[in-house]
Structure formats: structure tokens, C-alpha cells
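# Commentary on secondary and tertiary structure
Here is what each chain is made of, one letter per residue.
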Amino acid sequence: MNAASADAIPAQRFDWIPPALLLAIVLGAFAMIGTPSTWVTLTVAGLAMGLLIFIMASGLTLVFGLMDVMNFAHGLFIAIGAYVAASTVKFFSAAAGADSFLANLGAVVPAILAAALVAGLLGWFFERVIIKPVYGQHLKQILITTGGMIVAEQLIHVFWGPDLLPLARPATLRGSFLIGDIAIEKFRLIAVVVGLAVFIAMLLLLNRTKIGLLIRAGVENKEMVEAMGYRIRRLFVGVFVAGSALAGLGGALWGMYQESVTVHIGANMMVLIFIVIIIGGLGSIGGCFAGALLVGLVANYVGYLSPKIALGSNILLMVMVLLWRPQGLYPVSKQ
Amino acid sequence: MMARLLSGDLPRSRLLTTMLVAILVGLALAPFLFPGTRPLDVAAKVCVFVLLVASYDLLLGYTGIVSFAHTMFFGIGGYGVAIALSRMEVAWSSIALGATAAVALSLVLSFLIGLFSLRVKAIFFAMITLAVASFFAILASQLSNITGGEDGITFKVPELLRPAYRLLDEPFLGTVVGGRFITYYIVFGASLALFLALLRVVNSPFGRVLLAIRENDFRAEALGYRTVIYRTIANCLGAVVATLAGVLYALWLRYTGPNTTLDFAIMIDILLMVVIGGMGTMYGAVIGAAIFVVAQNYLQEAMKAFSGAMKGVPLLPDLFHPDRWLLWLGVLFVLSVYYFPHGIVGQLRARVKK
């Protein structure tokens, strides 16, 4: 390919408006809140929440983009992740109870990895058994994944019991750092670090590897990718499993953050996740990231500024974004 | 006469006819056949859920759209009556006013949601309705000075409907003819009438257009039917009937709260009833609701016996624990979607064709 034809297809220009909007919201909130310490605390909390939501939502939006499959049972993987994490932390209770940061990590890291592993395996099973027979049939997909969720929630009750399961956060991860008069909860910082790591890894995978290229191409035009001789179904199974594993990872972190696990943890998150991927544009990973941060930040700011509206802030946000851009922040161009 | 009453949509299967007649007779004579409070509660719940499920089937089975906001409309009906009767004087006019306001609110909401999200894919509509319904459930539990919060609203009903009221001094055929008796027949009569009306709707030319949209919306659009408008009308119609079902249920319970109306678990129940009974057949709603409500109330006892008998075997007692009855209905649901897309009614009708 020579230089002339490379010029003929201009690179897609990055849409700077959503990030600018995020920045404007962060700065606007600073003006409205007034006290810098509160603002920092709220911003970190919002970022942590947004990144956690992003971890859980990213798989769902990619799966939809690739294969037009919407998994209404995605919350199940979140719940499974949280339950597995609770069991693992209990298993390593000696390390979790110790008063050293490294020993605590020795309990938390296995818990998170186990959660991702189990959720990923379950995702593989779920894709093969539940979703494969209903490719391309939206109505049946919604019904069958909802049905799968009912059965799986009941099975969680069978294995872990119907009661609320405590998930104690190890000692050194509780409390907050104090920098001057700014309080930052330690666990939120961990969530921010893990979330950013996942996001960067995902960006690198999607933009710098061949698999990533195929996934992006598949979201845009899957027939063409198949015509080139790539098995999009196999790719899809991989994305589904990775998405489920990420949901499990997010569920483990979320469960530790709340310090308790119930079977509804996933279903409750699902509403937020749907809002995020609708705001971002169905199938768009960048949109999912922007949407998650938007939801996390707005929820925290509004919760502080006027708690009465906080309940509806997500829905209002979604309505406003959709009125502005009906296809979401970063619409996916479908052929 | 019968064909006219059923809008020409006969059961078309001898076994199905027998089941439907049995359910109809059972419900019509419930106060006489099954004395006691609990069986009458079950019968009233069956009536209300037949109506609720039938209105949901109008959306899912006939129009091919999945809504997760049906319990929201059910709840609006319940809260409408509850708020009217607890805030204003206890009279029939309050019931009428509460029901009218609830229906109006449901109409506006369903119209807005429909217009907003029915243009695009089924999945988008399902996601939006899920978000709106969960928002509404949170709203109802938070605005406790209006809705009573988590506790809900217990309210008084007009004199005629109160359990203490007696129409006849002597029991008639061994049954006390009082407030509960009258309420039951109001619930039963209204449910039956509205069910027949829905049957009329789906067998009208309008219903045929809905079916066409379900089968192939591009083609329906190409034939000149504005699919958005038809879908929105179906959505509004389903919402109004669900609201009326909510009104009836509230009158029967004399209570409205998040757990009896807005809970997502009820949405799941409705889905199970529609799919197991049979999507795209109004009779499926009757069969599904009857089987489900009876199972809900009596299956648990059977499972308790079985679970007790299996004591000592690993895992089995847990799988058949009485609280796990939903597990088995869920499995039945998944199998139904794969293998019997038209549920029990579809199976019965298919046997006749062979």
C-alpha cells in the first residue's frame, strides 16, 4: 500500500466531545461543591464506581457488538464472582485476618482470580448450552437468558444457601488515606488501579493485536470478517468468556466493597450496566468507558449535592444523553 | 353464541377445552367448591394473574416485544386505588377516581416509553423498560409519605366489600354471602370480561396486524402499516389492562405494597406463566397462570415431602427444598423456550393437527 492510498482513507477522527463533557462535569462539580477536599473524595469515589461498572459492562457491550447477542443473565456472572470471592477469602482466612498488607493481598488476589476463572468457565458453559441455539433470534435470547438467570440464581441458593453471605474486607484494606484533610478510601483506590489496568490492557489488546483487530472488524461488519476466512464464532466465544470473567472480577471487587453478598447483587448492577451501555452506544467499548465514568461521577456528585434527585439521576442522565445522541455517545457504525 | 363470545378463537383441542372449562367452572364456583380463606385467595389470585398474563401476552406473544415494565403498570393500578382510598373518603367514587388516574398515568407512561424506544430493536425496548421499572420501584419505596415506602398501604374498602359485611343472614348453599364473596365475584367478573375483550382484540384486524409485525416487521411496514404506531398502541393497551388488574388485586388484598406489585420477582413470574402456558395464545395465559399459582401454593408442600424422604442423599434434599420450587419452573421455562415455543397450549393444539 503506497502513501497515496493511505491518504485516500483518512483515519477516523476521535470524537472529543464526550471526554470534554466529562471534564466539564468534573470542573462544574468543583464549582458547585466548593470545598476541595470533599470534591476530591467524591471524584475518586465516582471514578472508582465508574471503573468498576466499566469492568462489569465491557464484556456485555462487546458481545452485543460482535454477535448481536444481549445477555440478560450477565448479572449472574457478577453474582458468581462475588460468591466465589467470599468463599476464597474464607478459605484463606488466616491471610485475610493478618495485619500485613502483603498477607492480605495473598487472600484478595486469589479471591479475585478465582472469581474471574469460575465466572469465565461458567460463561463458556452458558454460551455453549444456553445461547448458542438462539443466535439471531432476539426475542428468544431475552427469554432464554432470563430463564437461565432464574435457574442459576436458584442454584446459587442451593450451593451457598439463601442468606446474606458476609465478605469481610482484610484489615489493611479498610479505612482511608488522609492527605491533608482529603480522605480517600483505600479500597476505592484499589478499584481505580484495577479498573485502569483492565481498561489499558483492553485498549492494547483491541488496538495493537491481531485478535483485537478482528474483534473491531467483527463489530463493524461480521460477514466481511467471515468472508476473509476467520471464524467469527470462535472469536465470539472467546469474547464471551473474557466478558464473563471480567464480570466475575468486577463482582468480586464489588462484593468486597459492600462487604456482603446476596444473590441480587448482579441483578441490581444490571440496571446500571444497561444504562451505561445504552449511554455509551451499544457495542462501543470507548462509549462504555465514557458512559461508566459519567454514571459513576454523576451519581456521586448528585448524591452529595441533592440527595433527593440522586435516585433518578441515572435515568435522567440516560434520557438526556439519548435526546442529544439517540444512538449513544459513540455510535457503532453498522454495515 | 359461544364462538361469538370467544371471538371465533376456539380452543381447537378437546383436552384444552376440558382444561379451560374445568378452570372456568372452578373459578366461577370457587366460593362454593372450596370453602376456606386460603383456597379463595388462590382463586382470586388466579383470576387477577390470568388477566395480567393475558395482557402481557398481547405484547410478548402477539406483538413480539419484551417489556420488563409490566409490573410497573400493575403497581400503578394498585397504588392508584390504595392512595385514593386511604387519602379520600372510603367510597366507590374514590375507587373510580383512583382507577381512572392510574389508567391515565399508565397510558401516558406507556405511550412515552413506546414512542421513545419502540422504533428500534426489541432488545433496546427490553433494556429501557427494565431501567424504567427498576427506577419506579425505587421511587415507590423511597417516597414513603405518598406510597408508604416498604410497608405499603393498607386501606379500608367500601362497606359492601368488607369481610364483616353480610348480604344474607343465612349461609347460601353452605357459603357465607358477605363482603369477601362479593369482592371475589367482582374480581372474577371483571377479569373474565377483560379477558374476553383481549381475546376480541387479538382476533380483530388490528390483532392480525400485530401478528404480521411479530412475524416480519419489514414486510408489515412495506405493506403500509406504520409498525411504530401499532406497537405503541399494543403497548398502551397492555399497560391499561395491567393497571386494571392491579386495581382488582389491590381491592382483593385491601393492601398495596412493593412486594405484591412492583417486585421484579413478579415480573419473572409473569414471564414464566406466559411461556409455560403458551406465547401467542390467550388461552395459554389461563393455563399458565392457573398452573403457576396453584404450584406456588401447593407444590412446595409436595417438595417438602419429597425432600424429607430424600434425607441423607447428598445435594438432593437441597435441590428439592420447598423454597427451590422456582428452580424447577425455571428449568421448565428454558425447556419450553427451546422445544415448545407455544407452550402447553401449542402442544395440545399440535396433537390435534397430527
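Residues numbered from 1 in each chain as written. Chains lettered and ligands numbered in written order. Predicted model: local features only at pLDDT ≥ 70, side-chain atom pairs only at ≥ 80, totals over all residues. Heavy atoms only, no water.

What follows deals with the overall build of chain A. The helix and strand tally for chain A stands at 14 helices and four strands. What you see for chain A is a C-alpha radius of gyration of 20 Å, in line with the 20 Å of a compact globule of 335 residues. Projecting the C-alpha coordinates of chain A onto the three principal axes gives extents of approximately 60 × 50 × 40 Å. Counting the 335 residues in chain A, one finds 52% classified as buried. Put simply, chain A shows about 14,900 Å² of open surface, and 69% of that area lies on carbon and sulfur atoms. A gap of 5 Å separates the mean positions of the 19 positive and 13 negative side-chain charges of chain A. (Helix = DSSP H or I, 4+ residues; strand = E, 2+ residues; numbered from the N terminus. Rg over C-alpha atoms; globule rule 2.2 N^0.38 Å. Buried < 20%, exposed > 50% of the residue type's maximum accessible area, 1.4 Å probe, protein only. Areas by Shrake-Rupley, 256 points an atom, 1.4 Å probe, with all protein chains shown as cover. Lys, Arg positive; Asp, Glu negative; His and termini not counted. Charge placed at Lys NZ, Arg CZ, Asp CG, Glu CD.)

Taken together, the side chains of W92(B), L160(B), L167(B), L168(B), F172(B), L173(B) and I186(B) present a nonpolar region at the surface, about 650 Å² in accessible area. Examined against the element boundaries, L160(B) turns out to sit in the loop between strand 1 (153-154) and helix 9 (179-202). (Patch = residues over 30% accessible without salt bridge, like charges linked within 9 Å, V, L, I, M, F, W, Y side chains within 5 Å. Salt bridge = Lys/Arg side-chain N within 4 Å of Asp/Glu carboxyl O.)

Angle between the axes and distance between the axes are the two parameters that describe a pair of packed helices. Residues and elements named next belong to chain A. At their nearest, the axes of helix 12 (residues 265-280) and helix 13 (residues 285-305) sit 7 Å apart, and the two run at 125° to each other. When the interaxial angle is binned, helix 12 and helix 13 end up oblique. In terms of crossing hand, the pair formed by helix 12 and helix 13 is right-handed. In contact with L272, I275, V276, I277, I279 and G280 of helix 12, helix 13 contributes G287, C288, G291, A292, L294 and V295. Looking at the contact of helix 12 with helix 13 residue by residue, the classes come out as nine nonpolar, three polar and no charged. (Axes fitted to C-alpha atoms, helices over the stretch in contact; angles between N-to-C directions. Parallel < 35°, antiparallel > 145°, perpendicular 65-115°, else oblique. Left-handed = near helix turned anticlockwise from the far one by under 90°. Contact = heavy atoms within 4.5 Å. Nonpolar A, V, L, I, M, F, W, Y, C, P; charged D, E, K, R; others polar.)

Let us now look at the interface of chain B and chain A. Accessible area lost during the coming together of the parts is what is often quoted as the interface size. The interface of chain B with chain A comprises 40 residues on the first partner and 39 residues on the second. Roughly 3,400 Å² is buried in total at the junction of chain B and chain A, and carbon and sulfur atoms are behind 87% of that figure. Among the residues chain B hides against chain A, the three largest losses belong to I123(B), M127(B) and Y338(B). Together they make up 20% of the total. If you look at where chain B meets chain A, you find zero salt bridges. For the pair chain B and chain A, the number of links is two residue pairs in polar contact (both at pLDDT 80 or more). Elements represented by at least two residues in the side of chain B that touches chain A include exactly helix 7 (122-142), helix 14 (264-277), helix 16 (316-319) and helix 17 (325-339) of chain B. The element contributing the most residues to the side of chain B that touches chain A is helix 7 of chain B, with 13 residues. By residue class, the composition of the side of chain B that touches chain A is 32 nonpolar, four polar and four charged. (Buried area = accessible area lost by both parts, 1.4 Å probe. Polar contact = N/O pair within 3.5 Å; in protein donor to acceptor, adjacent residues only side chain to side chain.)

Any two side chains of opposite charge can pair, given that their charged atoms come close. Counted under the stated rule, the structure contains six salt bridges over all chains. Among the ionic pairs, D15(A) bridges to R325(A), the shortest N-O distance being 2.8 Å. Within this pair, whereas D15(A) is found in the loop between helix 1 (3-8) and helix 2 (17-33), its partner R325(A) is found in the segment after helix 14 (307-324), the two being separated by 310 residues in sequence. Overall, R325(A) belongs to the buried group, its relative accessible area being 16%. Between R214(B) and E215(B) there is a salt bridge, and its shortest N-O distance comes to 2.8 Å. In this structure E215(B) comes out as exposed when scored by relative accessible area, which is 59%.

Right, let's get into empty space enclosed by the protein. Tallying each qualifying case throughout the model produces two cavities of 30 Å³ or more. One number sums up the size of the largest cavity: a volume of about 50 Å³. What lines the largest cavity is simply G59(A), L60(A), V63(A), N71(A), H74(A), F77(A), F240(A), G243(A) and S244(A). Elements with a contribution of two residues or more to the lining of the largest cavity: helix 3 (36-67), helix 4 (74-91) and helix 11 (232-258) of chain A. Looking at side-chain class alone, the lining of the largest cavity contains four nonpolar, five polar and no charged residues. Space inside the second largest cavity adds up to approximately 40 Å³. Looking at the second largest cavity, the residues that line it are L272(B), M273(B), I276(B), G288(B), I291(B), F292(B) and L329(B). For the lining of the second largest cavity, the elements supplying multiple residues, two or more each, are helix 14 and helix 15 (282-309) of chain B. Of the residues in the lining of the second largest cavity, the class split is six nonpolar, one polar and no charged. (1 Å grid on protein atoms, 1.4 Å probe; cavity = no way out; pocket = protein on both sides within 12 Å on 5 of 7 lines; lining within 4 Å. Points joined across faces, edges and corners; volume = space filled by probe spheres on them.)

Attention now goes to unusual backbone geometry. We note that E259(A) has phi near 65°; this positive angle belongs to a residue other than glycine. Residue placement: E259(A) occurs in the loop between helix 11 and strand 4 (260-261). Of note in this structure, R254(B) is not a glycine but carries a positive phi near 55°. For R254(B), a relative accessible area of 26% translates into the label partly exposed.

Let's shift gears to the pairing of strand 2 (residues 176-179) of chain A. All names here are of chain A. Across four bridges, strand 2 lies against strand 3 (residues 182-185) in antiparallel orientation. If you follow F177 over to strand 3, its bridge partner there is I184. Counting the residues in the hairpin turn of strand 2 and strand 3 gives two residues, including G180, whose phi is positive at 65°. (Pairing = 2+ DSSP bridges.)

Over its 28 residues, helix 15 of chain B extends 39 Å from the first C-alpha to the last, a length consistent with the 40 Å expected when each residue adds 1.5 Å. The sharpest bend along helix 15 of chain B comes to roughly 50°, located at Q296(B). (Expected span 1.5 Å × (residues − 1). Bend = angle between axes of the 7 residues up to and from the residue.)

Purely geometric numbers; function is a separate question.
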